[in-house]
Amino acid sequence: MKRVLIQLTGKVQGVGCRHATLTKARTLGVTGYVTNCADGSVEILAQGSDPAVDSLIAWCEVGVPCTDGLRVTVNEDQGDDIYLDFSIVR
């Protein structure tokens, strides 16, 4: 299983980014969460099979719908929480 933290920066809040990410992650079978951060970025914790997580990363890098000036940072995550679904954390 692969587990990463994806940070999206640019104009990503208030444009439907979290809902688009939720839909894509669930379609791919990725679990974890997406949340807005205080600094204006969006954080995604994604876990699942390597191909599914890689597909979510590639989708983010192409440009999440409705974002402007998107920058994507991906880091491996060593956490041990297990997520059974993908959700929006408010």
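Under the annotation held in an unreviewed UniProt entry, the protein carries the name acylphosphatase and is attributed to Shewanella seohaensis. Its UniProt record gives the protein the following Catalytic activity (unreviewed entry) comment, quoted word for word: "an acyl phosphate + H2O = a carboxylate + phosphate + H(+)". What UniProt states about the protein under its Sequence similarities (unreviewed entry) heading is, verbatim, "Belongs to the acylphosphatase family."

Novice: What is the right way to read the nonpolar core from this model?
Specialist: The nonpolar side chains of a soluble globular protein tend to be buried, and buried together. I6, L8, V30, I44, A46 and L56 are the most contacted members of the largest nonpolar core, which has 21 residues in total. Put simply, the parts of the chain that give this core at least two residues each are β1 (2-11), α1 (17-28), β3 (42-48), α2 (50-63) and β5 (86-89). A total of 6 residues in this core trace back to one element, the largest contributor, which is α2. Here A46 is in contact with K2, R3, V4, I6, V30, T31, V53 and L56, once residues within four sequence places are set aside.

Novice: Just checking my understanding: could you explain the pairing of β3 for this structure?
Specialist: Successive residues of a regular strand alternate their side chains across the two faces of the sheet. Across the 7 residues of β3, 7 count as buried, placing the element largely inside the fold. The pairing of strand β2 (residues 31-36) with β3 spans 6 bridges and is classified as antiparallel. Its bridge partner being in β3, N36 is matched across the sheet by V42. Connecting the antiparallel pair β2 and β3 is a turn made up of 5 residues, with G40 showing a positive phi of about 95 degrees.

Novice: I keep staring at the UniProt feature "active site" (unreviewed entry) in the protein and nothing clicks. Help me out?
Specialist: Following the UniProt record, the feature "active site" (unreviewed entry) maps to R18 and N36 here. For the residues just named, distributed over 19 residues, the greatest C-alpha separation is only 7.9 Å, placing them together at one site. Note that R18 resides in helix α1. Setting aside residues up to four positions removed in sequence, R18 forms contacts with V34, T35, N36, I88, V89 and R90. Note that N36 resides in strand β2.

About the cut-offs
Residues numbered from 1 in each chain as written. Predicted model: local features only at pLDDT ≥ 70, side-chain atom pairs only at ≥ 80, totals over all residues. Heavy atoms only, no water. UniProt positions renumbered as here; feature names shortened; annotations may be inferred. Core = buried A, V, L, I, M, F, W, Y, C linked by side-chain atoms within 4.5 Å. Buried < 20%, exposed > 50% of the residue type's maximum accessible area, 1.4 Å probe, protein only. Helix = DSSP H or I, 4+ residues; strand = E, 2+ residues; numbered from the N terminus. Contact = heavy atoms within 4.5 Å. Pairing = 2+ DSSP bridges.

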